[in-house]
Amino acid sequence: MQIERLSTHYPVRGAFLSRRDKAVKAVDDVSLTLYEGETVGLVGESGCGKSTLGRTIIRLEQSSGGRIRFEGRDITHDPPKKLIPARMRMQMIFQDPYASLNPRMRIVDTLSEPLLVHRLVERHEIRREVDRLLALVGLPSSAGNRYPHEFSGGQRQRIGIARALSFRPKLLVCDEPVSALDVSIQAQILNLLQDLQEELTLTYLFIAHGIGAVKQISKRVAVMYLGKIVELAGTEELFRRPRHPYTQLLLNAYPPPDPAYRRKQSRVILHGDIPSPANPPAGCRFHTRCPYAQQRCRVETPHLSEKEHAVACHYPLA
Amino acid sequence: MGELLKVDQLQIKFRSEQGETVSVEDVSFTIRHGETMAIVGESGCGKSVTSLAIMGLLGAGGTIAKGSVRFQDTNLASLPERQLRKLKGSQMSMIFQEPMTSLNPVMTIGRQIEEAVRLHLKSPRKTARRLAIDMLRKVGIPRPESIAKAYPHVLSGGMRQRVMIAIALICQPKLLIADEPTTALDVTIQAQIIELMKSLQEETGTAILLVTHDLGVVAAMADQVAVMYAGQIVEAADVYTLFRSPRHPYTQGLLNSIPRLDGGKGQRAPAIPGQVPSLREMPAGCRFHPRCPYAKDRCRERQPRLSFAGEEHQVRCWLAESEELESASASDDQRRKSVAL
Ligand SMILES: Nc1ncnc2c1ncn2[C@@H]1O[C@H](COP(=O)(O)OP(=O)(O)O)[C@@H](O)[C@H]1O
Ligand SMILES: Nc1ncnc2c1ncn2[C@@H]1O[C@H](COP(=O)(O)OP(=O)(O)O)[C@@H](O)[C@H]1O
Ligand code: SF4
Ligand code: SF4
Ligand SMILES: [Mg+2]
Ligand SMILES: [Mg+2]
């Protein structure tokens, strides 16, 4: 998938008359390529536009500018009918799968529905296909006869994944799929996603705020701040040598699970709150919180460099 | 340092239409003056219920069925209602994950802090106002004079939590109970709140009972740690011992399942198999046995007690004293030593 200069703006409701045509630039001029079979992690503080980007690239949200190419074809403005085949190959899994499962439907019915509607398998093969899907996500066939509330959070996430897989997708947007789960269960789901990726050659856009999960699963990581990607690099490179001041401070904010690090804590802390995306700072959007900000940063917007380790900063760290 | 809070063999029950459930069983720990003790464990293990019981906030269906809570040598159960209420707020106070639930949406922030001061310190209004503004400044609220006149909804989540901390600490309590104080916040804001709590503690000497599911937060703040699983403490030690040489298989599993930041990409985190049991289907014997890689027949039949594995290091596991686990944990230790970030 290729994303070029993509933007998604939401109209501001109840805005003052004077700024009636203002919009929340939830995603602003983002370019990113997802290669087949890879995982790109997407991190950033809440409200920076991660979910909006994920929803826009699979056309759950209409873009305000830019282009989306999927499997070589421009799908940016495909009308709904024409979009269907591509849309089936791009699925999403959510933080709370419960919200996307019908509480009154048995799991087998939830999983059969898309198979029937889109005639993905013959009618008499449906139960076998459902069992196959359940087995793929590590659930017994008997799970099919139960209802969503009978499952724990981790099991429900497995069902959410099975439902996404029923469309035989190539691309999965994973929007905080483990954030609501306990640590011990997070590891189970991450491992499952990794196994499935290998088995089915899936491509993931993996959104998370837990940096450890992103590190484990991603080949590359993109860091977002107020609607823009500010840094994009190979996972190890990004963690070892963050070049954008925001990335460095964000990584710094995660308390390592080791009390020994407490002593070393002349830790630099990222001060202040995230500015409103309806009214982002001019120039570099990070300048209001950046310890290295110069005069130039307040007026001139830095662009993401076109290097393998891409960074959008006038004065990147060494 | 002397003992401030002593929780002894606490058992907490809830009554409902479906009958009685025991959510917390045989929980004992001590918090000394000025120290931070963390209770850590997965959701539903009984962390919040334990802290609510200490504050006498269990609500209608919940009771302390056995055991005692002693605060500065006073058994809280024996205190008359009025004295208990006085103690809460002045000597011990609590903050929660979602500050909005405990802030009054129709009262200005300044007024809410003033009320707390007037209630417990009996200060005149003018002094109360000054104290309130000082406190807002101390918890890092910018422009405290104007924020004092604002209502809670205009503040961000992080700022609201700062206000809650201001209210909780204004009477200089000896104990602050913080139940997942940073869980709803972005990690950048969490780092600010952790720093704030640590610096205020250094200044005032308030002891903190920190309830969290996040081992990173524990490592950053705690002196002592109790790990809970399925309503019981399974391991308790000082923070260094707990992270360096955990003895309970559950603690080891938890620490191992944190994704490593130094490992190569695609590295798998060893997950703990299975799920946390529900209160109604508590396994016999050791409650962890269905998920434990070392479970033996004895574990399935008899429940281990919390016993000493070292001075001030307690473990609830049959294997804790045998060599078997010693060697098993040694290799895990090696692994963990290389955990970086
Ligand atoms: N449907 C919507 N209508 C209006 N604004 C929205 C909508 N969805 C998200 N936003 C705004 O867009 C910004 C980005 O939101 P989101 O993509 O959900 O961020 P993230 O997933 O990184 O937390 C936020 O300021 C949010 O308030
Ligand atoms: N008001 C209540 N009524 C009945 N059961 C409760 C109540 N509050 C908590 N419990 C039960 O007690 C157990 C421990 O809950 P809690 O202390 O909230 O867990 P956590 O460790 O996530 O804070 C859970 O199984 C929960 O269902
Ligand atoms: S461009 Fe300037 S303000 Fe922005 S991150 Fe770089 S140094 Fe900081
Ligand atoms: S008592 Fe047995 S089952 Fe329980 S943690 Fe110890 S070894 Fe595992
Ligand atoms: Mg989101
Ligand atoms: Mg809780």
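This structure is a prediction, so every number in the text was calculated from the model and none was measured.

**Overview of the site of ligand 2**
Residues and elements named next belong to chain B.
No. 1: Around ligand 2 lies a shell formed by Phe14, Ser23, Glu42, Ser43, Gly44, Cys45, Gly46, Lys47, Ser48, Val49 and Leu279.
No. 2: Here an oxygen atom of ligand 2 and a side-chain polar atom of Ser48 are 2.8 Å apart.
No. 3: Contacts to ligand 2 include Val49, whose backbone N or O atom sits 2.8 Å from an oxygen atom.
No. 4: Coverage of ligand 2 by the protein amounts to 61% of the 560 Å² it exposes when considered alone.
No. 5: The dominant element in the shell around ligand 2, judged by the number of residues it contributes, is helix H1 (residues 47-54), at 3 residues.

**Considerations on the site of ligand 3**
No. 1: Close to ligand 3 lie 13 residues, the nearest being Cys284, Cys290, Cys297, Cys313 and His314 of chain A.
No. 2: In terms of residue class, the shell around ligand 3 is made up of 10 nonpolar, 3 polar and no charged.

**Describing the UniProt feature "domain: ABC transporter" (unreviewed entry) in chain B**
No. 1: When the UniProt feature table is mapped to this numbering, "domain: ABC transporter" (unreviewed entry) covers residues 5-255 of chain B.
No. 2: The span residues 5-255 of chain B is 40% helical and 28% strand by assignment, and the distance between its end C-alpha atoms comes to 28 Å.

**Looking at the sheet that holds strand E4 (residues 65-70) of chain A**
Residue and element names in this part refer to chain A.
No. 1: Read across the open sheet, the 4 strands follow the order E2-E1-E4-E5; overall the sheet is antiparallel. The open sheet terminates on both sides in strands that have one partner only, identified here as strand E2 (23-33) and strand E5 (73-74).
No. 2: In terms of strand pairing, E4 meets E5 through 2 bridges, oriented antiparallel. Within E5, the position partnered with Arg69 by the bridge is Asp74.

**Some remarks on the interface of chain A and chain B**
No. 1: Facing the 44 residues of chain A at the interface are 49 residues of chain B.
No. 2: Summed over both partners, the interface of chain A with chain B buries about 3900 Å², with 54% contributed by carbon and sulfur atoms.
No. 3: By the criterion of area lost to chain B, the three top residues of chain A are Pro257, Pro259 and Arg262 of chain A, representing 16% of everything that side buries.
No. 4: The tally of links between chain A and chain B comes to 1 salt bridge.
No. 5: Salt-bridge contacts for Asp258 of chain A lead to Arg244 of chain B; the nearest nitrogen and oxygen are separated by 3.0 Å.
No. 6: Inspection of the chain A/chain B interface yields 12 residue pairs in polar contact (both at pLDDT 80 or more).
No. 7: Elements represented by at least two residues in the side of chain A that touches chain B include exactly helix H6 (183-200), helix H7 (211-217), helix H8 (235-240) and helix H9 (245-253) of chain A.
No. 8: Top contributing element to the side of chain A that touches chain B by residue count: H6 of chain A, with 9 residues.
No. 9: Partitioning the side of chain A that touches chain B into residue classes produces 19 nonpolar, 13 polar and 12 charged.

**Quick look at the sheet that holds strand E11 (residues 310-311) of chain A**
Residues and elements named next belong to chain A.
No. 1: On the basis of which strands lie adjacent, the open sheet formed by 7 strands has the order E6-E7-E8-E3-E9-E10-E11 and mixed pairing. In this open sheet, the two edge strands, each paired with only one partner strand, are strand E6 (90-93) and E11.
No. 2: In this structure, E6 lies alongside strand E7 (residues 171-175), joined through 4 bridges in parallel fashion. Along E7, the bridge assignment pairs Met90 with Leu171.
No. 3: Relative to strand E8 (residues 203-207), helix H1 (residues 50-57) is tilted by about 155 degrees, and along the sheet it contacts strand E3 (39-43), E6, E7, E8 and strand E9 (220-225).

**Quick look at the side chain of Glu42 of chain B**
No. 1: Summarising the element assignment, Glu42 of chain B is placed in the loop between strand E3 (36-40) and H1.
No. 2: Look past the residues within four positions of Glu42 of chain B in its chain and what remains in contact with it is Asp182, Val183, Ser184 and Ile185 of chain A together with Lys47, Tyr229, Tyr250, Leu254, Val276 and Arg291 of chain B.

**Some thoughts on helix H2 (residues 81-90) of chain B**
All names here are of chain B.
No. 1: Among the residues making up H2, those that are buried are Leu84, Leu87 and Lys88. The buried residues of H2 all sit within an arc of 100 degrees when viewed along its axis, so they share a single face. Projecting away from the buried face of H2 at angles above 90 degrees are the exposed residues Arg82, Arg85 and Lys86.
No. 2: Against the buried residues of H2 lie strand E4 (62-71), strand E6 (92-95) and helix H3 (109-121).

**What to know about the domain arrangement of chain B**
How big an interface is tends to be stated in terms of accessible area lost as the parts join.
Residues and elements named next belong to chain B.
No. 1: With domains assigned, chain B is organised as domain 1 (3-227) and domain 2 (246-337).
No. 2: For domain 1 and domain 2, the distance between their C-alpha centroids amounts to 30 Å.
No. 3: Every contact between the two is made by 11 residues of domain 1 and, on the other side, 12 residues of domain 2.
No. 4: When the two sides are added together, the surface that domain 1 and domain 2 hide from each other amounts to roughly 1100 Å², 53% of it contributed by carbon and sulfur.
No. 5: Among the residues domain 1 hides against domain 2, the three largest losses belong to Glu42, Leu215 and Val227. Together they make up 41% of the total.
No. 6: One can count 3 salt bridges joining domain 1 with domain 2.
No. 7: Close ionic contact of Arg32 with Glu312 constitutes a salt bridge, the shortest N to O distance being 3.8 Å.

**Brief notes about the pairing of strand E8 (residues 207-212) of chain B**
Residues and elements named next belong to chain B.
No. 1: Within E8, 6 of the 6 residues are buried, which leaves the element mostly enclosed by the surrounding structure.
No. 2: A two-sided burial pattern is seen for E8, the buried positions comprising Ala207, Leu209 and Val211 on one face and Ile208, Leu210 and Thr212 on the other.
No. 3: With 5 bridges connecting them, E3 and E8 associate as parallel partners. Residue pairing across strands places Met37 opposite Leu209, the latter belonging to E8.
No. 4: Where strand E7 (residues 175-179) and E8 come together, 5 bridges link them in parallel fashion. Bridge pairing in E8 links Ile177 to Leu209.
No. 5: Taken together, E7, helix H7 (residues 187-204) and E8 form a β-α-β motif whose crossover is right-handed.

**Re the pattern of salt bridges**
All names here are of chain B.
No. 1: Counted according to the given criterion, the structure contains 35 salt bridges over all chains.
No. 2: Arg111 is the partner of Glu115 in a salt bridge, and the nearest nitrogen-oxygen pair spans 3.3 Å. Residue Glu115 and its partner Arg111 are located together in helix H3, separated by 4 residues, close to a single helical turn.
No. 3: Of the residues examined, Arg111 reaches a relative accessible area of 36% and is grouped as partly exposed.
No. 4: With a shortest N-O distance of 3.6 Å, Arg137 and Asp134 are connected by a salt bridge. Of the two residues, Arg137 and Asp134 both sit in helix H4 (residues 125-138), 3 residues apart, roughly one turn of that helix.

**Re the side chain of Asp179 of chain B**
Residue and element names in this part refer to chain B.
No. 1: Positionally, Asp179 belongs in strand E7.
No. 2: For Asp179, which is buried and forms no salt bridge, the nearest opposite charge comes from Lys47, at a distance of 6.9 Å.
No. 3: Each residue touching Asp179, except ones within four places of it in the same chain, is listed here: Ser48, Ser51, Met94, Ile95, Phe96, Gln97 and Val211.

Definitions and cut-offs
Residues numbered from 1 in each chain as written. Chains lettered and ligands numbered in written order. Predicted model: local features only at pLDDT ≥ 70, side-chain atom pairs only at ≥ 80, totals over all residues. Heavy atoms only, no water. Near = heavy atom within 4 Å. Polar contact = N/O pair within 3.5 Å; in protein donor to acceptor, adjacent residues only side chain to side chain. Areas by Shrake-Rupley, 256 points an atom, 1.4 Å probe, with all protein chains shown as cover. Helix = DSSP H or I, 4+ residues; strand = E, 2+ residues; numbered from the N terminus. Nonpolar A, V, L, I, M, F, W, Y, C, P; charged D, E, K, R; others polar. UniProt positions renumbered as here; feature names shortened; annotations may be inferred. Pairing = 2+ DSSP bridges. Contact = heavy atoms within 4.5 Å. Buried area = accessible area lost by both parts, 1.4 Å probe. Salt bridge = Lys/Arg side-chain N within 4 Å of Asp/Glu carboxyl O. Axes fitted to C-alpha atoms, helices over the stretch in contact; angles between N-to-C directions. Buried < 20%, exposed > 50% of the residue type's maximum accessible area, 1.4 Å probe, protein only. Arc of directions from axis to C-beta. Domains from an automatic or database assignment. Right-handed = clockwise from strand over helix to strand, strands pointing away. Lys, Arg positive; Asp, Glu negative; His and termini not counted.

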